[in-house]
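# A closer look at the structure
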Amino acid sequence: MADFKNILTDVKNGVLHLTINREDKMNALNFETLEELKEIFEDVSDTKEIKAVIITGSGEKAFVAGADISEIASLNEVNARKFAENGQEIFSMIENCHKPVIAVTNGYTLGGGCELAMACHMRIATANAKFGQPEVNLGIIPGYGGTQRLTILIGRGKANELMMTGDMIGAEEAKNLGLVNHVLPTKEEALAKAEEIIAKILSKAPLAIGMIIDCVNSAFVPDENGFQTEANSFARCVKSGDYKEGTSAFLEKRQPHFKGE
C-alpha cells in the first residue's frame, strides 16, 4: 500500500486499517482525500492479502466532520454536479466492495463523514459519536448519497427530520434507529469490536461473503430483482470449492478450511 498525504494505512492480519488523517481539519474530506480513498479501494479489490477494511478518523474529536467547506464554497452549478457524482462513485466502490468494510465512528460523524460511514457495511460507534447531515445549514443537501442511504437505514420520516433540521443525534439514538450496529465506551474498545466481528467473518467462505454484499445491495436497486440476484448467487456458491468444503466439513464434524475458490 502506497503512502498517502491524508490517509494512514496499516495492514494487520489481513485487515487494512484506514485512518482519515486530517485531525487539524476535523478529518474533513477534501478532493485530495477522496481521490486517495478511491485509489485505496481500487487496490483493496485487487489485493488478495487484504481481506477486510476498518475505517476510522484520527484523534478523538471526529471520525469525519464533513466535507471541506472551503472547497464547497467555490462550487458552481456545473462543477457541483460533478462534485456530487464523484463522491457518489467513490462511496459506491466502498459499498460494493466484496470484502467487509466497517466504520469505527469516533466523535463528529457529520455530512460527508456520515455519508462515508453509511457507505460501509457496518458501523461501530464510540459513546461520544454524533451523527448528522447538517448540509441544510449551508443552503445545500447531502450530495454523496446521504439522502438515499440515510432513508434506507432509518426510514423516511426520521431521515426527513434529520436532514431538514440539520440536527445531530448521539450514538445510542443512532443505534436505536438502526444507523449503528454497536456502541462502545472508547475508541479502543470500538476498534476491538470491529476486529472481533471481522475475525468471525473471515472464518467464513469469502465468495459467500461477497455475494451476501451483492444481494443485500440489490434490495435497494430499483430495476434489479433482488430475489433473482439471490437465486443466481446461490447457484454460483454451489459451483464453488468452498461449498464442497463447507458441506463436507459439516458432515465430517470438523472445521472448514475455505480458500475463496
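Cut-offs and rules
- Residues numbered from 1 in each chain as written.
- Predicted model: local features only at pLDDT ≥ 70, side-chain atom pairs only at ≥ 80, totals over all residues.
- Heavy atoms only, no water.
- UniProt positions renumbered as here; feature names shortened; annotations may be inferred.
- Phe/Tyr/Trp six-rings, centres within 6.5 Å; stacked < 30°, edge-to-face > 60°.
- Helix = DSSP H or I, 4+ residues; strand = E, 2+ residues; numbered from the N terminus.
- Buried < 20%, exposed > 50% of the residue type's maximum accessible area, 1.4 Å probe, protein only.

With an unreviewed UniProt entry as reference, the protein is termed Enoyl-CoA hydratase, source organism Algoriphagus locisalis. Quoted straight from UniProt, the Sequence similarities (unreviewed entry) entry for the protein says "Belongs to the enoyl-CoA hydratase/isomerase family."

### Focus on the packing of aromatic side chains
In total, this model carries three aromatic pairs according to the counting rule given. Both rings, one in Phe31 and one in Phe83, keep their centres 5.6 Å apart while their planes meet at 70°; by these two values the pair is edge-to-face. Of the two residues, Phe31 is situated in helix H1 (residues 31–46) and Phe83 in helix H3 (residues 77–95); the sequence distance between them amounts to 52 residues. For Phe83, a relative accessible area of 15% gives the class buried. With a centroid separation of 5.2 Å and an interplanar angle of 35°, the aromatic rings of Phe83 and Tyr144 are classed as tilted. Here Tyr144 lies in the loop between strand S8 (130–132) and helix H5 (146–154) and Phe83 lies in helix H3, a separation of 61 residues in the sequence. The exposure class assigned to Tyr144 is buried, which follows from its relative accessible area of 2%. Members of the aromatic cluster, connected to one another through ring pairs, are Phe31, Phe83, Phe91 and Tyr144.

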